[in-house]
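Structural features, examined
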Amino acid sequence: MSKVIAMSADGEKKGKSPLEQAKANFAMYYTLTQELLKFIDKNDVDEFLELEKQRSDLVERMKALPETEEYRQTEECQELVQKIKPLDMQVIYKAKAWLNRSRQQNATVHAYD
């Protein structure tokens, strides 16, 4: 199982300013979103769920870092957000489709009980 390690919000210990950490967090969010798409396309649900957990943890750290909002106002961040939005929509669509297929398969199996 491959694992993308999400960066901690405590970037100052690594020599990063809080604004640099906010930038790194957005970049990691983008990377995790790309990885989510890869694993949902492979039907690797376990890895998908692990990456989703990492991404959720990252979002919590982003919310806890005040500089996230400051970075969000930059043009650089806005460009990255425009790349992330369609990927997020694909993840949601594919996850819902997978869930619907699973429910249908489960219903079919129980129809024979």
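So, how was this worked out
- Residues numbered from 1 in each chain as written.
- Predicted model: local features only at pLDDT ≥ 70, side-chain atom pairs only at ≥ 80, totals over all residues.
- Heavy atoms only, no water.
- Axes fitted to C-alpha atoms, helices over the stretch in contact; angles between N-to-C directions.
- Helix = DSSP H or I, 4+ residues; strand = E, 2+ residues; numbered from the N terminus.
- Parallel < 35°, antiparallel > 145°, perpendicular 65-115°, else oblique.
- Left-handed = near helix turned anticlockwise from the far one by under 90°.
- Contact = heavy atoms within 4.5 Å.
- Nonpolar A, V, L, I, M, F, W, Y, C, P; charged D, E, K, R; others polar.
- Expected span 1.5 Å × (residues − 1).
- Buried < 20%, exposed > 50% of the residue type's maximum accessible area, 1.4 Å probe, protein only.
- Arc of directions from axis to C-beta.

Running from amino to carboxyl end, helix 1 (residues 18-41) crosses helix 2 (residues 45-64) at an angle of 160°, the nearest separation of the two axes being 9 Å. Relative to helix 2, the element helix 1 lies roughly antiparallel. Our pair here, helix 1 against helix 2, has a crossing hand that is left-handed. Residues N25, F26, M28, Y29, L32, T33, E35, L36, F39 and I40 of helix 1 lie in contact with helix 2, whose contacting residues are E47, F48, L51, E52, Q54, R55, L58, V59 and M62. Residue composition of the contact of helix 1 with helix 2, by class: twelve nonpolar, three polar and four charged.

Here helix 2 spans 29 Å end to end across 20 residues, near enough to the 28 Å set by a 1.5 Å rise per residue. All of the buried residues in helix 2 are E47, F48, L51, Q54, R55, L58 and M62. When helix 2 is viewed along its axis, its buried side chains cluster within an angular range of 125° and face the same direction. The exposed set on the far side of helix 2, more than 90 degrees from its buried face, consists of D46, K63 and A64. On its buried face, helix 2 is in contact with helix 1, helix 3 (67-72) and helix 4 (75-111).

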